[in-house]
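# Descriptive analysis of the structure
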Amino acid sequence: MAADYFGFSSVRSVSNNGTVALNNPADISVIVIYFLVVLAVGIWAMVSTNRATVGGFFLAGRSMVWWPIGASLFASNIGSGHFVGIAGTAAAAGLATGGFEWNALVVVIILGWLFVPIYIKAGVVTMPEYLRKRFGGQRIRIYLSVLSLCLYIFTKISADMFSGAIFINQALGLNIYVAVILLLSITALYTVTGGLAAVIYTDTLQTFIMVVGSSILMGFAFNEIGGYDNFEKLYMDALPVVTDKNISASCYTPRPDSFHIFRNAITGDLPWPGLVFGLTIQATWYWCTDQVIVQRCLSAKSLSHVKAGCILCGYLKLLPMFLMVFPGMISRILYADVVACVDPAECEKYCGTSVGCTNIAYPKLVVDLMPNGLRGLMLSVMMASLMSSLTSIFNSASTLFTMDIYTKIRGSASERELMVAGRVFILVLIGLSIAWIPVVQSAQSGQLFDYIQSITSYLTPPIAATFMLAIFCKRVNEPGVFYGLTIGLGIGLSRMIAEFAYGTGSCVNPSNCPEIICGVHYLYFSIILFTVSCVLIISISLMTKPIEDKYLHRLCWQLRNSTEERVDLELDNWTENQESDSKDNESNIEPTEEPGCCKKMLLSFCGLEKSNAPKLTEEQQAELQRKLTDTSEKPLWRNVVNANAIILLAVCVFFHGFYG
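Notes on the structure in this doc start here. In this text the structure is predicted, and so the values were computed from the model without any measurement. All residue numbers refer to positions counted from 1 along the written sequence of the respective chain. pLDDT decides what is reported in this predicted model: residues at 70 or higher carry local features, side-chain atom pairs at 80 or more are listed and counted, and totals for whole chains, interfaces and linings draw on all residues regardless. Side-chain measures were taken over the full set of non-hydrogen atoms in the model, leaving aside hydrogen atoms and water.

Below, the discussion takes up the overall build of the protein chain. By the criteria applied, helices consist of DSSP H or I runs no shorter than four residues and strands consist of E runs no shorter than two, each listed in order from the N terminus. Each helix and strand in the protein chain was counted, giving 29 helices and zero strands. Contact between two residues is taken to exist if any of their heavy atoms lie within 4.5 Å; hydrogens are not considered. Sequence separation of at least 24 residues holds for 84% of the intrachain contacts in the protein chain that already meet a minimum separation of 6. Here the accessible surface of atoms and residues is derived via Shrake-Rupley with a 1.4 Å probe, and residues count as covered only by protein chains that are part of the display. For the protein chain, the exposed surface amounts to about 25,600 Å²; the carbon and sulfur share of it is 64%.

The next point concerns a nonpolar patch on the surface. Side chains of Val-420, Val-424, Val-428 and Leu-432 sit close together on the surface and give an oily, nonpolar patch of about 320 Å² of accessible area. Within the fold, Val-428 resides in helix 20 (residues 415-442). Exposure is judged per residue with a 1.4 Å probe applied to protein chains only, and the accessible area is read against the type maximum: over 50% gives exposed, under 20% gives buried, and values in between give partly exposed. A relative accessible area of 44% places Val-428 in the partly exposed class. Every patch collects residues that have over 30% relative accessible area and no salt bridge, joining them within 9 Å if they carry like charges and within 5 Å if they are nonpolar side chains (Val, Leu, Ile, Met, Phe, Trp, Tyr). Salt bridges are identified by distance alone: a Lys or Arg side-chain nitrogen within 4 Å of an Asp or Glu carboxyl oxygen.

With that out of the way, let us pick up the pattern of salt bridges. Counted by the stated rule, this structure contains 13 salt bridges. For Lys-317, the salt bridge identified is with Glu-101, shortest N-O distance 2.3 Å. Remark: Glu-101 occurs in helix 6 (residues 98-102) and Lys-317 occurs in the loop between helix 14 (303-316) and helix 15 (320-334); sequence separation between them is 216 residues. No difference in accessibility class separates Lys-317 from Glu-101, as the two residues are buried. Note that Asp-257 is salt-bridged to Arg-263, the shortest N-O span being 3.8 Å. What emerges from the salt-bridge pattern is a single network uniting Arg-255, Asp-257, Arg-263 and Asp-269.

Inspection of the secondary structure assignment puts Leu-648 in helix 29 (residues 635-659). Residue Leu-648 is classed as buried on the basis of its relative accessible area of 0%. Leu-648 sits 543 residues away from Leu-105 along the chain, and the two C-alpha atoms are 7.2 Å apart. Look past the residues within four positions of Leu-648 in its chain and what remains in contact with it is Leu-105, Val-108, Ile-109, Ile-311, Gly-314 and Tyr-315.

Right, let's talk about helix 17 (residues 344-351) for a bit. Within helix 17 the residues assigned to the buried category are Glu-346, Cys-347 and Cys-351. Projected down its long axis, helix 17 carries its buried residues within an arc of 100 degrees, all on one side. One or two positions beyond helix 17, positive phi appears at Gly-352, with a value near 80 degrees. It is the directions from the helix axis to the C-beta atoms that the arc portrays.

What follows deals with unusual backbone geometry. With a phi angle near 65 degrees, Arg-554 is a residue other than glycine that sits in the positive phi range. Looking at the secondary structure, you find Arg-554 in the loop between helix 25 (522-542) and helix 26 (573-586).

Residue position: Ile-491 is located in helix 23 (residues 478-502). Each C-alpha atom, one on Ile-491 and one on Pro-462, is 9.9 Å from the other, the two residues being 29 residues apart in sequence. Residue contacts for Ile-491: discarding those within four places in its chain leaves Phe-525, Leu-529 and Val-532.

Attention shifts here to the packing of helix 7 (residues 104-122) against helix 8 (residues 127-135). All axes here are fitted lines through C-alpha atoms, helices being fitted over the stretch that makes contact, and every angle between N-to-C directions spans 0 to 180 degrees. In the contact formed by helix 7 and helix 8, the axes pass within 11 Å of each other and the chain directions differ by 70 degrees. Taken together, the axes of helix 7 and helix 8 are roughly perpendicular relative to one another. Note on element contacts: helix 8 touches helix 7 through Met-127, Tyr-130 and Lys-133, opposite Ile-118, Tyr-119 and Ala-122. By the convention adopted, Pro, Cys, Tyr, Trp, Phe, Met, Ile, Leu, Val and Ala count as nonpolar, Lys, Arg, Asp and Glu as charged, and the other residues, Gly among them, as polar. The residue makeup of the contact of helix 7 with helix 8, split by class, is five nonpolar, no polar and one charged. Orientation is classified from the angle alone, with under 35 degrees giving roughly parallel, over 145 giving roughly antiparallel, 65 to 115 giving roughly perpendicular, and any other angle giving oblique.

Think of it this way: a Phe, Tyr or Trp ring, Trp meaning its six-membered ring, pairs with another when their centres are within 6.5 Å, and the plane angle makes it stacked under 30 degrees, edge-to-face over 60, tilted otherwise. This structure, assessed with the given rule, holds 27 aromatic pairs. Seen from their ring centres, Tyr-458 and Phe-525 are 5.6 Å apart, and the 85 degrees between their planes marks the pair as edge-to-face. Highlighted residues: Tyr-458 in helix 21 (residues 448-459) and Phe-525 in helix 25, separated in sequence by 67 residues. For the pair Tyr-458 and Phe-525, one class covers both residues: buried. Feature note: the residues Trp-102, Phe-222, Tyr-228, Phe-231, Tyr-235, Phe-259, Phe-322, Phe-326, Phe-654, Phe-655, Phe-658 and Tyr-659 constitute an aromatic cluster, connected by ring pairs. Both a distance and an angle decide whether a charge sits over a ring: NZ of Lys or CZ of Arg must be within 6 Å of the ring centre and within 35 degrees of the ring normal. Lying over the aromatic face of Tyr-235, Arg-332 brings its terminal NZ or CZ to 5.7 Å of the ring centre. Looking at Lys-364, its charged tip hangs above the ring of Tyr-335, at a distance of 5.1 Å from the centre.

Right under this line is the structure:
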């Protein structure tokens, strides 16, 4: 089992009985049109925005309005890992997995109303940069940057690439790695060249495609089973034909609580205290402190646009229950022998892995149920979800590496050099993520979404504790945070490494990991780790010297409205070097050789063409900085977004109560 978990066995293509589903003119035409439209939008955004500066490439010039922000937040979050992972977990265990999505309705309000105002007032580009301003020193910033990049590889990029490849494998019969390379070559094109503006605009288009395409599939799925009235009875009767008398019936029989979100606190597969509290900790890390999400909010032209974008994202997050969870459960009804297979040999035949085939629930529904043309649209939907998620992660990961790691290695790097370094790093990230795919393939009984959530539970609670205390507890300081993060990481890694070593097992072949290590549900482990991290950070901070208020103006909640000038605990070396270099070069400007035609075209395509931007005076720089850190709102729009936030929370309570 451990060998399978680590991917030591050969990587097999998912079986689709030798047929290629997308081999007709209608499907191929839809896919070609889709890619042409997406590339056209990406190229338009690429040439119409300023990509030659850090602010233009990484924050879209802070000029975005609410609707593309909300759509991009949703599209960045909903990758192909959601379509494959959520639908697969729903096929195995019912609709409780939809609670993961609805939890975000509360947390996006916390993001827009509590966290983002502090980030804007702090005037930061990345989350590690905020921690540098808040606590000083470099070790926390480097720690968070490296850990965030590792999380991108373990839980986001590799999982999204794998899930997208599963779908393409079912539809086209391509080898998983051939499918991955095909996707990445198109995805990386406008990410590397276009910057955040291109990513946000293409995300907006792809959100529309995702919602329309998956809504059509949901309609076909419910029509196939005779409507919602038959849904519950048919799901509870969906059993595979091929079983083994030595296999417990609980391994292939739908759970009695399949149609409830809140499940028993002890025996439930997703216990309700973990779903309410443990999941909120993970969601706080993801929505309120993760670079991918926060970067979209920081690109907004005003705080009201941030809040409105969060509200739009909240309403869109209502949809996965209906567009992914329900279709995943219907897939089990229609293809119980395949999706709910329990015999390892049967599972091996259907999907190439012995731990289960729930991951192919959504792709199989698309390939077998949709007519020609619409099947091509659904492949486009999967491409949209994969590409929108990957482009967002690539852009944000390159931002983290460039601004928080590369500037420490090369303190004298020019702005142009940073742009090149960020783009090259994307290629390195892709290579590492592809190498991790075999681990994802067999983890958590083949349920991709559980794999993503479990890894998040082991590594992110200390980060959530750090940001929460940094903003809302003025007394915490650098030693407390650093040692709290370090010890918390050690505790989380001990659980994760043990799970890797023993393997997660399956219902048929349970893991032999000791109960004291792996027996605690990962959502409960998240609560424990968060609590321990908070206690450590506060205790060590109280035993060490506090940070004076002059260093904290507009960096924490108590001093958010302070008008006093803030003294930086530590200046940014790269900014200092740029200023000194520019002064040195003012008096020593040498004529440079005009680049050739081919080189000029390449530089223009990548947004690296030289431009003689006018030199701003100190007053102009101060005014620009004031605009970038302004959180004022017009009273009318402030009241509008506040009212909509209350309505969204009421909708959240209603749906949880209805399906609870």
